[in-house]
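# Analysis of the macromolecular model
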Amino acid sequence: MARIFCIANQKGGVGKTTTTVNLAAGLGQIGQRVLVIDLDPQGNATMGSGVDKRGLKATVYDVLLGSVSVRDSRVRSDKAGYDVLGANRELAGAEIELVNLEQRDRRLKVALTPALDDYDFVLIDCPPSLSLLTLNGLNCAHGVIVPMQCEYFALEGLSDLVNTIKQVHANLNRDLQLIGLLRVMFDPRITLQQQVSDQLKAHFGDKVFNSMIPRNVRLAEAPSYGLPGVVFDPASRGAQAFVEFAQEMVERVKAL
Ligand code: ADP
Ligand code: MG
C-alpha cells in the first residue's frame, strides 16, 4: 500500500515542484513505484515530468469532480520513470466548483484509495496556498514534506504551515504528520543560510532531513527539457542530492 506525501509550503517559488519531480525520479531510480499528483493549476509538475498539460484527456480536475477514476486519468512518463496525474489551468476553477459538492475536502482521498496498491509512494505537489485543493491533499496524506530556503522570513511562514498540519491532524486526518523540512537551494557559504539552518535544527531536531539540496543550475534548467533534474543530468550535484534524499525518505518511511 502506498505511502502518500504532500510537498507543501504556502509560499511560491520555494522549490515544491522541483522537490516533487526530483524526489519522484530519485525514488523511481531505486525501484519504487511512484505516482505524482499535480494539485497546482500551473501544471509545472506535469510539464516538468515530460507530460504536456495541454494534451491530457483527463486531469486531477476531473478526478476531483468525480467524473473519472485515478487509474483512467494517470499517464506514464517513461522518461521520468513514474506515473503522473496531471493538472492544467482548468484546476483553478475547481476551488469554486468543489464548494457545493459533498465531502469537498475529501474527494481526492476517496478517488485515490482504489489505486493505492499500484504504488509505493504517492507525491502530491501542492499549490502555494492553504486552500481547498491543498486540504484535499493533506486529507489523504500520511505526511508533509516542506521544502524551504534558509532565509529569515522562511521561519515566519513555517509556523502557519505547522499550525495547519496540527489542525488537520486534530480534526480531519489522524494519520497526518510533519515528516520533515528539506533545506533547498542551500548555499552553506552564505552565513545567514547557515544560521537559519542551525536554528531550524535547534527547533525541529530530527524533523530536519539530513539531506540538503544545493542551489544548482542544472535543476533549474531541467524543466525546460521536460525532465526532472535527476534524469536530465544525473551527475550534477543537485541530482545526486535528490537521489540521496530519496534514499533517506525510504528509510524514514520504514520508521513510520
Ligand atoms: P514552487 O513549486 O515552490 O513554486 P519551484 O520548484 O518551481 O518552486 O522552484 C522555483 C524556481 O527555483 C524554479 O525556477 C526552479 O527551477 C528553481 N529552483 C528550485 N530548486 C532549485 C535549486 N536547488 N537550485 C537552483 N534552482 C532551483
Ligand atoms: Mg510549483
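Residues numbered from 1 in each chain as written. Chains lettered and ligands numbered in written order. Predicted model: local features only at pLDDT ≥ 70, side-chain atom pairs only at ≥ 80, totals over all residues.

### Side note on the overall build of the chain
Filter applied, for reference: The helix count covers DSSP runs of H or I at least four residues long, the strand count covers runs of E at least two residues long, and both are numbered beginning at the N terminus. A radius of gyration in this sense is built from C-alpha atoms; the matching globule rule multiplies 2.2 Å by the number of residues raised to 0.38. Exposed residues have 12 or fewer other C-beta atoms within 10 Å of their own C-beta, buried residues have 20 or more, and partly exposed residues fall in between, where C-beta atoms are placed from the backbone. Any two residues are considered in contact once their C-beta atoms, placed from the backbone, lie within 7 Å.
Helix and strand content of the chain: twelve helices and eight strands. Here the C-alpha atoms of the chain give a radius of gyration of 17 Å, agreeing with the 18 Å that 2.2 N^0.38 yields for 256 residues. Taking all 256 residues of the chain together, 49% fall into the buried category. By sequence separation, contacts in the chain at least 24 residues apart represent 77% of the contacts at least 6 residues apart.

### Quick notes on the site of ligand 1
Keep this limit in mind: Here is the check we use: build the C-beta atom from the backbone, and if it is within 6 Å of the molecule or strand, call the residue near. Three residue categories are used. Nonpolar comprises Ala, Val, Leu, Ile, Met, Phe, Trp, Tyr, Cys and Pro, charged comprises Asp, Glu, Lys and Arg, and polar comprises the others, including Gly.
Around ligand 1, a shell composed of 17 residues is seen, among which Gly15, Lys16, Thr17, Thr18 and Ala220 lie nearest. Examining the composition of the shell around ligand 1, we find that three residues originate from one element, helix 1 (residues 16-29), more than from any other. Counted by class, the shell around ligand 1 contains seven nonpolar, eight polar and two charged residues.

### What to know about the packing of helix 8 (residues 152-171) against helix 9 (residues 191-204)
Just so we agree on the cut-off: In this analysis, axes come from line fits to C-alpha atoms, helices being fitted only over the stretch in contact, and the angle between any two N-to-C directions falls in the range 0 to 180 degrees. If an angle is under 35 degrees, it is roughly parallel; if it is over 145, roughly antiparallel; if it lies from 65 to 115, roughly perpendicular; otherwise it is oblique.
Close contact between helix 8 and helix 9 brings their axes to 9 Å; oriented N to C, the two are set at 30°. As summarised for this structure, helix 8 and helix 9 are arranged roughly parallel, according to the angle between their axes. Residue-level inspection shows Tyr152, Ala154 and Leu155 of helix 8 in contact with helix 9, the latter providing Leu192, Val196 and Gln199. Of the residues assigned to the contact of helix 8 with helix 9, the class counts are five nonpolar, one polar and no charged.

### Quick word on the UniProt feature "coiled-coil region" (unreviewed entry) in the chain
Short version of the rule: UniProt positions are given in the numbering used here, feature names are shortened, and annotations may be inferred rather than shown by experiment.
Mapped onto this numbering, the UniProt entry gives "coiled-coil region" (unreviewed entry) at residues 84-111. In the segment residues 84-111, helix accounts for 39% and strand for 7%; the C-alpha atoms at its two ends are 15 Å apart.

### Observations regarding helix 7 (residues 132-140)
The element helix 7 is extensively covered by neighbouring structure, given that seven of its nine residues are classed as buried. If you follow the buried residues of helix 7, they end up packed against strand 1 (3-7), helix 3 (60-65), helix 5 (94-99), helix 6 (107-112), strand 5 (121-125) and helix 8.

### Digging into the environment of Ala25
By secondary structure assignment, the location of Ala25 is in helix 1. Among the residues examined, Ala25 registers 30 C-beta atoms within 10 Å and is labelled buried. Residues Ala25 and Ile96, spaced 71 residues apart in sequence, show a C-alpha to C-alpha distance of 33 Å. What Ala25 contacts, discounting residues up to four positions off in sequence, is Ala80, Gly81, Tyr82, Pro228, Val230 and Val231.

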